[in-house]
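Commentary on secondary and tertiary structure
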Amino acid sequence: MIKIGIAGTRGLSTLMGLKAIEDVQIAAMCDLDEAHLNEAAEKIGGDIKKYRVFDDMIESDIDAVIISTPMQCHVPQAIAALEAGKHVMSEVTAGVTIDELFWLTEVVEKYGKIYMYGENYIYDPRVQQIKEMVKQGVFGDTYYAEGMYLHNIGNLFVYPNGKTSWRSFWQCGIRGNFYPTHSVGPVMQWFPGERITEISTYSPGIYNELGLKQDSGTTTMCKTATGKLLQIRVDCMSPRPHCMDYYHLQGTKGCFNSRSHKDDIDRVSFIGEDSPLHEMKWQKLDNFEIYMPDRYKNATQEQKAAGHNGGDFFIVEDFINAIRDNKQPELDVYKACEWTAVGLLSSLSVTNGSRTMQMPDFRKNMPVEEKRITL
Ligand SMILES: NC(=O)c1ccc[n+]([C@@H]2O[C@H](COP(=O)([O-])OP(=O)(O)OC[C@H]3O[C@@H](n4cnc5c(N)ncnc54)[C@H](O)[C@@H]3O)[C@@H](O)[C@H]2O)c1
């Protein structure tokens, strides 16, 4: 039996997925806010231990924690949990400073416990379907992609009780792309084996009247080690409807477009016998279900009920499998740090004339003299 502790009520998004896996028990819940804690424990049901202090929860006999507290808590809580011998799945983003990211990799390497980055957008069935199409060469060589996260969060700066929320500081109290990984993570699935080596960020300025420092949208250009280009846009300030999964991918043989409007559809287009270069047409992505990974095609009703057509089940399944196999998951600490660092470097870039920033290499056992930001 694997016993899980959940910190922060957002962690309940994993509830249905965890309940659908055998020999897994949600044994503990932790939240500083007692009312939230009681409400969450009731939702979880069964015999669950409640804690207001995270350090008390990790002294209990749980095997793993799901950290879903505000962003600035992720690294301190992940380090405390790993030191206490617990496996960790962390919400996005991985941390709030570059130094924190180095500390995190060092502690994961030292204790050898599983660390998984809970980037749920990667588990969207379409992202997985395109990943498989890339793998099978349908788009040819892929060389350019776009990902956008457009989500006005003006209602989240103040809690219902009137207190200022952490989002006013760690998200919209800073410059640059503060929330990169919902876009970078999915897009990087389509460039197998690549890593991001440099970024630069552009901003149209600050137009909000709330006195917050966050740009009214930023565009970050990321280059990979072999020169592939990613364009990542985040705008959580401008007045507009949600569009949290706008993607585009271009390869030598074709492309993919998703705009995520309710009245729109995901489209692909390829060069083929019926579709020569100058007569290429859009086709529905749905017509290419054959490329959907088997576990999505064969998802049970219970797995699908976890959310996102099974995506919310498969993310926790991968975490539990990593623990059982004692093998770091695909979404390991190095990817967590690189994708998070896109945002942290973007803050430096945008405040320095969109200067290009070099991505530190978060590889295993990196020498200490290389653990720094270079221009
Ligand atoms: N993956 C996604 O799609 C997604 C969506 C929303 C939020 N998030 C992430 O989830 C995290 C939480 O976001 P949220 O919107 O739920 O925030 P929130 O402020 O609504 O909730 C945070 C909860 O954590 C509790 N908390 C704060 N500090 C704590 C501590 N030290 N120990 C224990 N509990 C503590 C608070 O009492 C609160 O109940 C953030 O990291 C955010 O980036 C991810």
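All values reported here derive from a predicted model rather than from experimental measurement. (Residues numbered from 1 in each chain as written. Predicted model: local features only at pLDDT ≥ 70, side-chain atom pairs only at ≥ 80, totals over all residues.)

1. Re unusual backbone geometry
As a rule of thumb, non-glycine residues mostly have phi less than zero, and peptide bonds are mostly trans rather than cis. Across the junction of Val92 and Thr93, the peptide omega takes the value -10 degrees, indicating a cis bond. On the secondary structure map, Thr93 appears in the loop between strand E5 (87-90) and helix H5 (98-111). One non-glycine residue with positive phi stands out, namely Asp23, at about 60 degrees. You can see Asp23 is positioned in the loop between helix H1 (15-19) and strand E2 (24-30). A residue is classified by how many C-beta atoms lie within 10 Å of it, and Asp23, with 8 of them, is exposed. (Helix = DSSP H or I, 4+ residues; strand = E, 2+ residues; numbered from the N terminus. Buried ≥ 20, exposed ≤ 12 C-beta atoms within 10 Å, placed from the backbone.)

2. Digging into the site of the ligand
In the region of the ligand, 20 residues are neighbours, and Gly8, Arg10, Leu32, Asp33 and Glu91 sit closest. A class-by-class count of the residues in the shell around the ligand yields nine nonpolar, seven polar and four charged. (Near = placed C-beta within 6 Å. Nonpolar A, V, L, I, M, F, W, Y, C, P; charged D, E, K, R; others polar.)

3. Some points on the pairing of strand E1 (residues 2-7)
When E1 meets E2, the two strands line up parallel, connected through six bridges. Residue Lys3 lies in a different strand from E2, and its bridge partner there is Gln25. The sheet contact formed by E1 and strand E4 (residues 64-67) spans four bridges and is parallel. Bridge pairing in E4 links Ile6 to Ile66. (Pairing = 2+ DSSP bridges.)

4. As for the environment of Leu212
Locating Leu212 in the fold gives a position in the loop between strand E8 (196-202) and strand E9 (218-224). For Leu212, a count of 19 C-beta atoms within 10 Å gives the class partly exposed. A sequence separation of 43 residues divides Leu212 from Phe169, and the C-alpha atoms of the two residues are 8.4 Å apart. Residues contacting Leu212, with those up to four places away along its chain left out, are Ser168, Cys172 and Gly173. (Contact = placed C-beta atoms within 7 Å.)

5. Considering the sheet that holds strand E15 (residues 357-358)
Taking strand neighbours across the sheet as the criterion, the nine strands line up as E14-E13-E12-E11-E7-E10-E9-E8-E15 in an open arrangement whose pairing is mixed. The sheet is open, and its two edges are formed by strand E14 (283-284) and E15, each paired on a single side. Looking at chain direction, E8 and E9 are connected through six bridges and run antiparallel. Within the sheet, the bridge partner assigned to Glu198 lies in E9 and is Lys223. Contacts from helix H8 (residues 181-188) reach strand E7 (142-150), strand E10 (229-235) and strand E11 (243-251) within the one sheet, and its direction differs from that of E7 by about 155 degrees. (Axes fitted to C-alpha atoms, helices over the stretch in contact; angles between N-to-C directions.)

6. A word on the sheet that holds E2
Across the sheet, six strands lie side by side as E3-E2-E1-E4-E5-E6; this open sheet has parallel pairing. The open sheet terminates on both sides in strands that have one partner only, identified here as strand E3 (49-51) and strand E6 (115-117). Averaged over neighbouring strand pairs, the angle between their axes works out to 20 degrees when direction is ignored. Each of E2 and E3 is contacted by helix H2 (residues 34-44), which is oriented at about 170 degrees to E2, the strand it contacts most.

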